[in-house]
Amino acid sequence: MFRSLANRNYRLFISGQVVSNTGTWMQRIAQDWLVLALSDGSGVALGITTALQFLPMMLLGLWGGTLVDRMSKRRLLIGTQAAMGLLALGLGVLTVAGYAQVWHVYLFALALGAVTVLDNPARQSFVEEMVGRRDLPNAVALNSASFQLGRVAGPAIAGLMIAAVGSGVVFLVNAVSFAGVILGLALMRPTELHVTESVPRAKGQIREGLSYILGRPDLLLLLGMTAFVQLFGANVQNQIALITKNEFETGPAPYGIAAAALAVGALTGALLAARRERPRLSVILAGASVFGALQIVASLMPGYLGFVLVLFPTGMAFMTWTTSLNAHFQLSVDPALRGRVMAIYMLFFLGMTPVGAPIVGFLADVFGPRTGLALGGTVSVAVVLLVAVLLAQRLGVRVRLSPACRPFLRVTRAPAAEDA
């Protein structure tokens, strides 16, 4: 489960990530709560904030991936992490001084999104440079586990800190947390990295990445599934904030606990994923479908305790899907194109959130947050089933549902016509 930690460079990286991810999730909770406080609990305002944070990835993601393929990923990450720290510092100072307004949060969210255009594909493709191809699935899962570990601690700490000292101090703590990642990157031994040769600047590099994806029907179908699940189903964090505040009428501490329950499940799912030797298509499809089904169940919970309990397996299913999907993409592509392909992957994984967040926020304001959560789960399940059927038709695979045994969903190569 932890074999990638034998690599010194990866140990430095993931140690910094644990500290930084905790701060990042503290800021996410504080940012959501600040927007709700400044906008009188508006779901639309919360959705706009999320949309602005992910909008740059949707508009500039392909360009960012092309730059990542041309540059030293380690040096690039030092720069992007420093920029994120400065943005957290600025928002913290503004909030502590009492001048923060909703439009200020919008601007900082947009600026943070612009930095992630380079940071996300660089971090995704840098994992392989640290550990090599053999341990990549394990490292991807452990990377997700470190992210979720921060997601467990961050919301709980943030909920208590917001109640005690306010959101502004949380932003300042997050600004300091980026020093851990920067220090880890600076202390790495460059000679031990499996550096992919940088691609020289040339015309048509974005088009080359797109052509590669268009020639892979398996990746296209998975990207289509990802787009819809992320569009409607991945705004769970916003729905948790709206349901805990508007439906159960609780404060920031219960919201932090609910968010932590989702994160504990995701952490468990990431650790279980680290035990797998390679990503499987059946695991990707099963994880996404179960994630959608559990969202529907969560939306039907009448009380806060039941709602929190359902969030644990929801987080497990989500992380099972995402870690397997990420590793599948990284192992399936030409290393020279990895930055561009991962940028396209992140475009669909994160770029759909700006579109879906305001829509789900609007539905929550009009019909209630439970409806938004149920709709997202319904769309996710329907899309996964459709993709499973298309995979069976296009790629010659057989998909079987086995509710009585594990794995619940099996994907196998169908026999050739002459063997039938």
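Every chain is numbered on its own, with residues counted from 1 as its sequence reads. The predicted nature of this model means local features are confined to residues of pLDDT at least 70 and side-chain atom pairs, given and counted, to a pLDDT of 80 or more, with totals for whole chains, interfaces and linings taken over all residues. Side-chain metrics rest on all non-hydrogen atoms present in the structure, leaving aside hydrogens and water.

I would appreciate a short explanation of the overall build of the protein in the present structure.
Across its full length, the protein holds 15 helices and two strands. If you take every contact in the protein between residues at least 6 apart in sequence, the share linking residues at least 24 apart comes to 85%. Note on areas: Shrake-Rupley, 1.4 Å probe, and residue coverage restricted to the protein chains presented here. Per element, the accessible surface of the protein, about 16,900 Å² overall, is 66% carbon and sulfur. Strands are runs of DSSP state E lasting at least 2 residues, helices are runs of H or I lasting at least 4, and numbering of each runs from the N terminus. A contact between two residues is defined here by any heavy atoms of the two lying within 4.5 Å.

I'm lost on the pattern of salt bridges in this one. Help?
The working definition used for a salt bridge is a side-chain nitrogen of Lys or Arg within 4 Å of a carboxyl oxygen of Asp or Glu. The full count for this structure, using the stated rule, is six salt bridges. Salt-bridge contacts for K73 lead to E129; the nearest nitrogen and oxygen are separated by 3.3 Å. Of this pair, K73 sits in helix α3 (residues 73-96) while E129 sits in helix α4 (residues 102-131), placing them 56 residues apart in sequence. In this structure, K73 and E129 share a single accessibility class: buried. The cut-offs for exposure are 20% and 50% of the maximum accessible area for each residue type, with area from a 1.4 Å probe on protein chains only; residues under the lower value are buried, those over the upper are exposed, and the others partly exposed.

Which parts of the structure should I look at to understand the packing of aromatic side chains?
Remark: the centre distance and the inter-plane angle together describe each pair of aromatic rings, the angle taken between the planes. A pair of Phe, Tyr and Trp rings is counted when the ring centres sit within 6.5 Å of each other, with Trp represented by its six-membered ring. The angle between the planes then sorts it: under 30 degrees is stacked, over 60 is edge-to-face, the rest tilted. Scanning the entire structure with this criterion turns up eight aromatic pairs. When the ring of F248 is compared with that of F307, the centres are 5.8 Å apart and the planes differ by 55°; the resulting orientation is tilted. Of this pair, F248 sits in the loop between α9 (236-247) and α10 (252-274) while F307 is found in helix α12 (residues 304-331), placing the two residues 59 residues apart along the sequence. The class for F307 is buried, based on a relative accessible area of 1%. Both rings, one in F318 and one in W321, keep their centres 5.7 Å apart while their planes meet at 70°; by these two values the pair is edge-to-face.

Can you help me understand the nonpolar core in this one?
Side chains that are nonpolar tend, in soluble globular proteins, to be buried together. In plain words, nonpolar cores are sets of buried Ala, Val, Leu, Ile, Met, Phe, Trp, Tyr and Cys residues tied together by side-chain atoms within 4.5 Å. Core analysis: the largest hydrophobic core is formed by 79 residues, its most contacted members being M225, I240, F307, W321 and F329. Ranked by the residues each element gives to this core, the list is headed by α12, at 10 residues. Sequence-distant contacts of I240, that is, excluding residues within four places in its chain, are made with Y255, A258, A259, L262, F307 and L311. With 24 residues, the next largest nonpolar core counts V68, V127, A139 and A273 among its residues.

Explain a nonpolar patch on the surface to me, please; I cannot follow it from the model alone.
To count toward a patch, a residue needs a relative accessible area over 30% and no salt bridge; like charges are then connected within 9 Å, while nonpolar side chains (Val, Leu, Ile, Met, Phe, Trp, Tyr) are connected within 5 Å. Where nonpolar side chains cluster on the molecular surface, the patch consists of L59, L60, W63, I206, L210, L214 and L220 and spans about 660 Å² of accessible area. Looking at the nonpolar patch, the elements that each hand over two or more residues are α2 (43-70) and α7 (205-214). Mapped onto the fold, L59 is located in helix α2. Using a relative accessible area of 61% as the deciding quantity, one classes L59 as exposed.

Before we go on, may I ask you to explain the packing of helix α11 (residues 281-299) against α12 in this structure?
When two helices pack together, you describe them by how their axes are tilted relative to each other and by the distance separating the axes. Contact pair α11 / α12: the axes reach a minimum separation of 8 Å and the direction vectors enclose 155°. When the axis of α11 is compared with that of α12, the two are roughly antiparallel. The two elements α11 and α12 meet at a crossing, and its hand is left-handed. Note on element contacts: α12 touches α11 through F307, V310, P313, T314, A317, F318, T320, W321, S324, L325 and H328, opposite V283, I284, G287, A288, V290, F291, L294, Q295, V297 and A298. Polarity classes work like this: nonpolar for Ala, Val, Leu, Ile, Met, Phe, Trp, Tyr, Cys and Pro, charged for Asp, Glu, Lys and Arg, and polar for all others, with Gly in that last group. Of the residues that constitute the contact of α11 with α12, the class distribution is 15 nonpolar, six polar and no charged. Helix axes are fitted only over the stretch in contact, all axes being lines through C-alpha atoms; the angle between N-to-C directions runs from 0 to 180 degrees. For this classification, under 35 degrees means roughly parallel, over 145 means roughly antiparallel, 65 to 115 means roughly perpendicular, and everything else is oblique. Note on convention: the crossing is left-handed when the near helix lies turned anticlockwise from the far helix by less than a right angle, right-handed when the turn is clockwise.

Could you clarify how one ought to interpret the side chain of Q295 in this entry?
Summarising the element assignment, Q295 is placed in helix α11. The contact partners of Q295, leaving out residues within four places of it in the chain, are G233, V236, T314, L373, G376, G377 and S380.

It is not clear to me how α9 should be interpreted in this structure. Could you clarify?
Residues lying three or four places apart along an α-helix face the same way, a consequence of the helix completing one turn every 3.6 residues. Of all 12 residues in α9, nine are buried; the element is thus mostly enclosed. Within the span of α9, buried status applies to V236, Q237, N238, Q239, I240, A241, L242, I243 and T244. Where α9 terminates, the next one or two residues include E249, which has phi positive at roughly 55°.

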